[in-house]
Amino acid sequence: VIGFISNFLDPARQTLDASRRLAENGVLALHDDAALERHLFQQLQLANQLAGIYYAEPSGRFVYVMRTEETGRYRTKIIPPFEFGSDSHPANFIWRSDRFATLKTDDDPVDTYEARTRPWYKDVESTGDSIWTAPYIFFTGRKPGITYAAPVKDSSGNIRGIIGIDIQIKAISSFLSDIWAERRGAAIVMNENGEVIAHPNLVLI
């Protein structure tokens, strides 16, 4: 079970660490919304268990690509820099097909999402290193999940931005349930604090 779950989570770590290296070596243009969106979109397609991937900066700028409830469709959210503590700010949305074709666009002048207050951002900011979060409720999907997040640092070692990638508890639990479908017994997955990361019975989650 440990091996199965580790392999299930590995794509999140591998995908994010590769993106971080590209950014720190100047290959990935973090300042370019369009280039960054395309890169995040491509990375999200590498594994079905990945629910969303994003990049946030201390300025409040945020670029996020996520899977939607509709198969083969993705949603991008782009927030320009804004002052910390603001009640709201503009945000741009783009819905795309799995071939990156634009299906719909929209704007929200009073969006309230603030990456700098989210658990993954604060954990990386405080440790200065890559982290797995404890389970928490995702802001957009309102579903429980965990995040792997990593800092992107400049040549002086300062955090330039933070990349994060989400996996829903439901996805891990469904995978765990499949492992035991034809076996006797069961297993649950917990973190070091005893919080449940996955359980084969989704009703209990």
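Scroll up to find the structure this text is about.
Quick caveat: nothing in here was measured; it's all calculated off a predicted structure.

What counts as what
- Residues numbered from 1 in each chain as written.
- Predicted model: local features only at pLDDT ≥ 70, side-chain atom pairs only at ≥ 80, totals over all residues.
- Heavy atoms only, no water.
- Helix = DSSP H or I, 4+ residues; strand = E, 2+ residues; numbered from the N terminus.
- Rg over C-alpha atoms; globule rule 2.2 N^0.38 Å.
- Buried < 20%, exposed > 50% of the residue type's maximum accessible area, 1.4 Å probe, protein only.
- Contact = heavy atoms within 4.5 Å.
- Lys, Arg positive; Asp, Glu negative; His and termini not counted.
- Charge placed at Lys NZ, Arg CZ, Asp CG, Glu CD.
- Axes fitted to C-alpha atoms, helices over the stretch in contact; angles between N-to-C directions.
- Left-handed = near helix turned anticlockwise from the far one by under 90°.
- Nonpolar A, V, L, I, M, F, W, Y, C, P; charged D, E, K, R; others polar.
- 1 Å grid on protein atoms, 1.4 Å probe; cavity = no way out; pocket = protein on both sides within 12 Å on 5 of 7 lines; lining within 4 Å.
- Points joined across faces, edges and corners; volume = space filled by probe spheres on them.
- Pairing = 2+ DSSP bridges.

S.K.: I keep staring at the overall build of the protein chain and nothing clicks. Help me out?
M.R.: The helix and strand tally for the protein chain stands at four helices and eleven strands. Against the 2.2 N^0.38 benchmark of 17 Å for 205 residues, the protein chain shows a C-alpha radius of gyration of 17 Å, consistent with a compact globule. Across the 205 residues that make up the protein chain, the buried fraction comes to 45%. If you take every contact in the protein chain between residues at least 6 apart in sequence, the share linking residues at least 24 apart comes to 48%. Positive and negative charge centroids in the protein chain, built from 22 and 26 side chains respectively, lie 5 Å apart.

S.K.: What's the story with the packing of helix 1 (residues 2-24) against helix 4 (residues 169-179) in this structure? I'm lost.
M.R.: Axis angle and axis distance: for two packed helices, these are the angle between their axes and the distance between the axes, and together they describe the pair. Where helix 1 meets helix 4, the closest approach of the two axes is 11 Å, and the angle between their N-to-C directions is 145 degrees. Relative to helix 4, the crossing made by helix 1 is right-handed. Note on element contacts: helix 4 touches helix 1 through A171, I172, F175, L176 and I179, opposite F4, I5, F8 and L9. Looking at side-chain class alone, the contact of helix 1 with helix 4 contains nine nonpolar, no polar and no charged residues.

S.K.: Can you help me understand the layout of surface pockets in this one?
M.R.: To find leftover empty space, one rolls a probe the size of a water molecule over the atoms. Roughly 680 Å³ of internal volume is contained in the largest pocket. Lining the largest pocket we find 25 residues, and of these A51, R67, T68, E69 and Q168 sit closest to its centre. Elements with a minimum of two residues in the lining of the largest pocket: strand 2 (62-67), strand 3 (73-79), strand 9 (159-168) and helix 4. Class assignment of the residues belonging to the lining of the largest pocket gives a composition of eight nonpolar, nine polar and eight charged. For the second largest pocket, the calculated volume is near 430 Å³.

S.K.: It is not clear to me how the environment of G145 should be interpreted in this structure. Could you clarify?
M.R.: Among the secondary structure elements, G145 is positioned in strand 8 (residues 144-153). Owing to a relative accessible area of 0%, G145 belongs among the buried residues under this scheme. As for G145 and L204, which are separated by 59 residues in sequence, their C-alpha atoms are 15 Å apart. In this view, G145 contacts A134, P135, Y136, F138, I167, Q168 and I169; residues no more than four positions away in its chain are not counted.

S.K.: Explanation requested: empty space enclosed by the protein in the structure shown.
M.R.: Summed over all chains, the structure comprises one cavity of 30 Å³ or more. Of the volumes computed, that of the largest cavity is approximately 100 Å³. Residues that form the lining of the largest cavity fall into these classes: eight nonpolar, one polar and two charged.

S.K.: Quick question: what am I supposed to make of the pairing of strand 8 here?
M.R.: The side chains of a regular strand alternate between the sheet's two faces. Among the ten residues in strand 8, eight count as buried, and that is most of the element. When strand 7 (residues 136-137) meets strand 8, the two strands line up antiparallel, connected through two bridges. By the bridge assignment, Y136 is partnered in strand 8 with G145. In this antiparallel pair of consecutive strands, strand 7 and strand 8, the connection spans six residues, and R142 shows a positive phi of 55 degrees. In this structure, strand 8 lies alongside strand 9, joined through nine bridges in antiparallel fashion. Across the sheet, the residue bridging to A150 is I163, located in strand 9. The turn linking strand 8 back onto strand 9 is made up of five residues, and G157 within it adopts a positive phi angle of 90 degrees.

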